[in-house]
Amino acid sequence: MLADFTRGERTGALVILGTMVVLGLAMAIAGRHDLLGIHGWIVFGISLALTFGAIRQLDLPEPSPERLSEYYDAPTRTGLILTLIWGVVGMGAGFWVAALLAWPEMTFDVSWLSWGRLRPIHTSGVIFGFGGNALIATSLHVLQRTTRARLPDALSPWFVLIGYNLFCIIAASGYLMGLTQSKEYAEPEWYADIWLVVVWVVYFFIYMRTLARRKEPHIYVANWYYMAFILVVAILHIVNNLAVPVSFGSAKSYSLFAGVQDAMTQWWYGHNAVAFFLTAGFLGMMYYYLPKRAGRPIFSYRMSIISFWGITFMYMWAGSHHLHYTALPHWVQTLGMAFSVVLLVPSWASAGNALLTLNGAWHKVRDDAVLRFMALAAIFYGITTFEGSFMAIRAVNSLSHYTDWTVGHVHAGALGWVAMITFGSLYSLVPSMFKRERIYSQKLVEVHFWLALSGTVIYVFAMWNSGVIQGLMWRTYDETGTLSYSFIDSLVAMHPYYIARAFGGLLFLLGALTALFNVIMTIRMPAIGMAPEARGDLPAEPVMQAGE
Amino acid sequence: MALKERDEFSGQLTTGHEWNGIKELNTPVPKLLWAFLITMALFGLVWTVLMPSWPGINGYFRGLLGADQHQAVQQTLAEANAERAVWADRLATEDLAALQADEAIMNVVRSAGPALFVDNCAACHGPSATGNVGYPNIAEAPMMWGSDPDTVAETIRVGINANHPETRFAQMLAFGKDQMLAGEEISQLADYLVSISAGPALPEDQRLAANDLFLNNCAGCHGEDAAGMVESGAPNLTDTFWTYAGDRSTIRQSIYNGRQGTMPAWEGRLSTAQIRMLALYVLDLRTATP
């Protein structure tokens, strides 16, 4: 890694790592009577190990100037591998918590194996670990290819990638110890949140600096989405995590918001995390890898514009549909519902634009499992956004809210859309990134595709059934005007679906393991000797790096 | 500016932009999409006109339909209460023994009782009311505080060792820990209790000695015949029902450490009609159980 760094960057890396060592030590000392101390030691240990690694490489020769005539892909390569590792961890945790719901005694009376601590490992593991690393890795790749400019420096992408994964480790280890600020998808405590802000701002500036140096007159759609993702996630993350720590030696903090304002802030965050993390970012991915793989032009530039501005404008208002029939004032609920319903139009325009792009390439979809992953992702995106707008209607929500239908909806999006587009992009990216001729086994990609599809279908159908049954049982009254079913009756009715769901999740996990194996085997294949020039994969012209 | 080309497959012109081989068609937005967008936007707009929606400085637009979720829920609750009043008023006020003989009321109890019982009582007493360790079997075992309908309803209302001012109070003393009985004596009593509930009978001298101990220490609450006393809420020790298991070791623990189980008071949480329905429901379960 340090071989790619100039002397100035090596000094910078050492300064950053030294600061982190000191910060870790300070956290460990200030939090010695608190769980914060354990996190201090984790930060200290990781930073110290990285510092030693850096010092050992400090005297390597400086990188040759020729490197500036190529794209900088090393962070992308590492990011792709981290994506798969976090995917297996997050989906493994997901399978475990799914099994816990069917067989609750599987906690074995161990506190850190309890459902409440494992569940955020699943959600953060797949959203931030798997999804986040995939977004960082692909965005750096797409950014360079669509601007024909090399990343402005070597230090900042590594800082973002390593810093982001440090955040993920702090988050996951905190959950196991019982550390949470109990905001869904925003569980990590104040110090982890502050660290993520630093990382995120650097990420944003990589984007801006590279775009400023672009050699293409226009900014491609994928970059609109990636930028919306980075910018809005920063805003959401900062506002929702505003909190006052009990002390600098304590992991615990109290939110700035209380009561219904807290709920509204949380779901403004929560829904836009779905919108800008899990939708906008992955739309960026789709807009690059799908037309690239299909070899077809984007169906309509005009539709791209309508969808992009529709999605970015309307999602911002939709969060209150998570709080229908609550203490939230009725007028906020109405607005949330109205915007959510209109949101269907740009969502379907995006899905339609993707699927119509495949016109003229459907034979490739039939033959190529990689492209099929992406085509299926667009279909699931269409299904899920329809379902989302439908569930945002107040009357529908009165049945679906608090039931497994919500869980089914989320996983139609997460498995069907987010994971499928990620795996499709990843398979199409890995050979060229690692300079291998092809993916190790196209057959295994095919196996993965069918595992993923059948897993998703089993999962989603199980949860739809379970959710609707649950919702109906909760609201069925007999002729005396009292409830027909007790709560336990509904649990008994859900049990078979919970087993089916765990099975569907297991299939999906097996698919992710197949992908990990396939990628490792691809990397172990001999590299092709072909130079990037021969593949035409080069920036527009050599550019000088800042500080040289 | 790159050249615009015509895509052979679709016949559309490209925009002339190209990014690493990716081009875009300049296909006009399909009419269907415009129609869809206009329809949905109109729906959204109309909906916000009908319902409470846009905020202002001093409040919000109330909507033409005058909908209000607080009023709506009050109205629904009032309607549901009116529907239930047919039987709920009778349950709340009439004599329970008479209601027990009333087929119409008992049909309501049998229909509404199971969900009410399982949602509120089953966590301790189990879904079929047969109890769990620490929580008595109220479907079959003799009831510690009496089993006429008014007494059962009162037990539910005030609870046992609960935080209700009129709660029923009962405590089994810690005879071992508080050094009222020696270990040997506790063992004698445990053997004695095993023998009078499940058998077999003890040798006569052993039985007499233990019976002496029992009369001196236990009979005050459990009665001289060990059949329990509803006045003190002490259970019958001669049958095979045990709140805390009837094996010798558990009985020794009970005598050594004492016991003081808790049942929450349901007044304030359940309505009078619901409390009295539960009393009738549990007693009905008991007659149905052979």
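Residues numbered from 1 in each chain as written. Chains lettered and ligands numbered in written order. Predicted model: local features only at pLDDT ≥ 70, side-chain atom pairs only at ≥ 80, totals over all residues.

Student: Can you break down the interface of chain B and chain A residue by residue, with the values?
Tutor: Every contact between the two is made by 47 residues of chain B and, on the other side, 40 residues of chain A. With nine residues, the single largest contributor to the side of chain B that touches chain A is helix H1 (residues 31-50) of chain B. Of the residues contributing to the side of chain B that touches chain A, the split by class is 27 nonpolar, 13 polar and seven charged. (Contact = placed C-beta atoms within 7 Å. Helix = DSSP H or I, 4+ residues; strand = E, 2+ residues; numbered from the N terminus. Nonpolar A, V, L, I, M, F, W, Y, C, P; charged D, E, K, R; others polar.)

Student: How would you summarise the nonpolar core if you had to cite specific residues and measurements?
Tutor: Ranked by internal contacts, the top residues of the largest apolar core, which has 170 residues, are Tyr225, Phe229, Met286, Met374, Ala377 and Met420 of chain A. With residues up to four places along the chain from it excluded, the contact list for phenylalanine 229 of chain A reads Leu135, Phe276, Phe277, Ala280, Gly281 and Gly284 of chain A. Residues Leu483 of chain A together with Ala153, Val282 and Leu283 of chain B belong to the second largest nonpolar core, which totals 33 residues. (Core = buried A, V, L, I, M, F, W, Y, C linked by C-beta atoms within 7 Å. Buried ≥ 20, exposed ≤ 12 C-beta atoms within 10 Å, placed from the backbone.)

Student: Pulling in residues and values, what's your account of the packing of helix H15 (residues 404-433) of chain A against helix H17 (residues 487-524) of chain A?
Tutor: Residue and element names in this part refer to chain A. Packing of H15 against H17 brings their axes to within 12 Å, and their N-to-C directions diverge by 10°. Considering their axes alone, H15 and H17 lie roughly parallel with respect to each other. Of H17, the residues touching H15 (which contributes Asp404, Leu415, Phe423, Val430 and Pro431) are Met494, Phe508, Ala515, Val519 and Thr522. Looking at the contact of H15 with H17 residue by residue, the classes come out as eight nonpolar, one polar and one charged. (Axes fitted to C-alpha atoms, helices over the stretch in contact; angles between N-to-C directions. Parallel < 35°, antiparallel > 145°, perpendicular 65-115°, else oblique.)

Student: Account for the pairing of strand E1 (residues 14-19) of chain B, naming residues and giving values.
Tutor: Residue and element names in this part refer to chain B. The sheet contact formed by E1 and strand E2 (residues 22-25) spans three bridges and is antiparallel. Opposite threonine 14, over in E2, you have leucine 25 as the bridge partner. Linking two consecutive strands that pair antiparallel, namely E1 and E2, is a turn of two residues; a positive phi of about 50° is found at asparagine 20 within it. (Pairing = 2+ DSSP bridges.)

Student: Describe the environment of threonine 272 of chain B, listing the residues and the values that go with them.
Tutor: All names here are of chain B. Checked against the element boundaries, threonine 272 lands in helix H11 (residues 272-288). Threonine 272 gets classed as partly exposed once you count the C-beta atoms within 10 Å, which come to 14. Remark: the alpha-carbon pair of threonine 272 and alanine 182, spanning 90 residues in sequence, is separated by 47 Å.

Student: Which residues make up helix H4 (residues 103-120) of chain B, and what are the values?
Tutor: Along its 18 residues, H4 of chain B runs 25 Å from first to last C-alpha, staying within 8% of the 26 Å computed at 1.5 Å per residue. Along H4 of chain B, the helix axis deviates most sharply at glycine 113 of chain B, where the bend reaches about 45°; the proline proline 114 of chain B sits within four residues downstream. Listed as buried for H4 of chain B are Val108, Val109, Ala112, Gly113, Pro114, Ala115, Phe117 and Val118 of chain B. At its buried positions, H4 of chain B is contacted by H17 of chain A together with helix H2 (69-93), helix H5 (122-125) and H11 of chain B. (Expected span 1.5 Å × (residues − 1). Bend = angle between axes of the 7 residues up to and from the residue.)

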